[in-house]
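So the chains spell out like this:
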Amino acid sequence: MEDLKELISNSSLKHIAMIMDGNGRWATKRGEDRSYGHKFGSERVIEIAQICSDLGIKVLSLYAFSTENWKRPEKEVISIFNLLNKFISRELDTMIEKNIKLSIMGDLSQLPLINRKAVEHALKKTSSNTGLILNIGLNYGSRAEISTAFKRLYFDVRDGKIDIEDIDEKAISKTLYTADLPDPDILIRTGGEKRVSNFMLYQIAYSEFYFIDTLWPDFDFAELSKILKDFFKRDRRFGGINANKGS
Ligand code: IPE
Ligand code: IPE
Ligand code: MG
């Protein structure tokens with residue numbers, strides 16, 4: 001832990017994004033219902049958040065429910081939203097104690113009222129925290145996020161708030177859910193699939209990708225440290241050349 005902490009504090013690493021995939025398969029492998037996997041998966045969330053907080057990471061983005069996940073059987077969707085409220089009531093105190101600030105990306109207006117209320121309560125209770133930002137994608141889809149940004153920018157131009165010439169990469173970034181957050185340095189997907197499933201498409205332009213086979217309920221500190229150690233060996237060029245490495 002200490003060696004990683006030092007590596008992180010001497011680096012520009014600020015933001016880790018994760019697609020938490022594999023809950024269903026984890027449960028099926030055990031002959032259980034998919035919701036059993038979601039339950040175990042939800043328990044990993046606070047553990048990984050605390051580890052990131054202890055490591056001095058500034059932002060942890062986690063994909064919890066996509067705009068496409070509504071296609072799943074109603075029973076599974078209900079179990080995920082029940083777990084969301086259980087997660088909040090179980091972990092809010094830890095978030096406060098650990099100075100973790102909850103942040104949500106996604107359209108909360110489509111969530112059941114009881115979930116929206118719980119989320120809004122947790123957002124308020126943690127709003128002045130200054131430690132790790134735990135940014136959860138809930139009813140999140142990157143294409144929906146970008147479409148909404150287009151509309152907002154259009155209205156801002158129409159209403160004379162900004163000039164068409166002001167619409168640049170920075171203005172678009174500022175109109176996304178992640179307006180005040182740095183782009184992810186690392187994108188991790190558990191569960192073996194090699195795709196991004198509509199997650200942070202604009203923000204991951206220069207993220208380092210890790211697709212790992214481990215199913216989300218099995219993800220732990222050992223897995224994260226392996227990834228972090230590898231990350232520090234990668235040569236991030238951002239389109240330039242790295243004079244030190246001669247490539
Ligand atoms: C990820 O696990 C959690 C959500 C999408 C809510 P899955 O439920 O997608 O698990 P698999 O991919 O079917 O194993
Ligand atoms: C992505 O996983 C969404 C979340 C982890 C919340 P999915 O399981 O929904 O993605 P696909 O269907 O395999 O692309
Ligand atoms: Mg999946």
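The present account deals with the structure reproduced in this document. None of these values were measured; they are calculated from a predicted model.

One can find Glu91 in helix 4 (residues 74-97). For the pair Glu91 and Leu138, spaced 47 residues apart in sequence, the C-alpha to C-alpha distance is 17 Å.

The next thing to look at is the site of ligand 1. Ligand 1 sits among 13 residues. The nearest are Asp21, Gly24, Arg25, Arg34 and Arg72. For ligand 1, an oxygen atom lies 3.3 Å from a polar atom in the backbone of Gly22. Arg72 places a polar side-chain atom, nitrogen or oxygen, 2.7 Å from an oxygen atom of ligand 1. Relative to its unbound accessible surface of 380 Å², ligand 1 loses 88% to contact with the protein. A majority-of-atoms criterion places ligand 1 in the largest pocket.

Further remarks concern the environment of Ile162. Examined against the element boundaries, Ile162 turns out to sit in the loop between helix 6 (142-158) and helix 7 (169-175). Note on Ile162: relative accessible area 25%, which makes it partly exposed. Other than its neighbours up to four places away in sequence, Ile162 contacts Leu153, Asp156, Val157 and Ile167.

Now for the site of ligand 2. As a structural note, the neighbourhood of ligand 2 is formed by Ile19, Met20, Asp21, Tyr63, Ala64, Phe65, Asn69, Arg72, Arg189, Arg195 and Ser197. Interatomic distance of 3.3 Å between a side-chain N/O atom of Arg189 and an oxygen atom of ligand 2. Arg195 is positioned such that a nitrogen or oxygen atom in its side chain is 2.8 Å from an oxygen atom of ligand 2. Counting atoms within 2 Å of the grid points, the majority share of ligand 2 lands in the largest pocket. Looking at the shell around ligand 2, the element that brings in the most residues is strand 2 (residues 59-66), giving three residues. Considered class by class, the residues forming the shell around ligand 2 number five nonpolar, two polar and four charged.

Here is what the cut-offs are and how they apply
Residues numbered from 1 in each chain as written. Chains lettered and ligands numbered in written order. Predicted model: local features only at pLDDT ≥ 70, side-chain atom pairs only at ≥ 80, totals over all residues. Heavy atoms only, no water. Helix = DSSP H or I, 4+ residues; strand = E, 2+ residues; numbered from the N terminus. Near = heavy atom within 4 Å. Polar contact = N/O pair within 3.5 Å; in protein donor to acceptor, adjacent residues only side chain to side chain. Areas by Shrake-Rupley, 256 points an atom, 1.4 Å probe, with all protein chains shown as cover. 1 Å grid on protein atoms, 1.4 Å probe; cavity = no way out; pocket = protein on both sides within 12 Å on 5 of 7 lines; lining within 4 Å. Sits in = over half its atoms within 2 Å of the grid points. Buried < 20%, exposed > 50% of the residue type's maximum accessible area, 1.4 Å probe, protein only. Contact = heavy atoms within 4.5 Å. Nonpolar A, V, L, I, M, F, W, Y, C, P; charged D, E, K, R; others polar.

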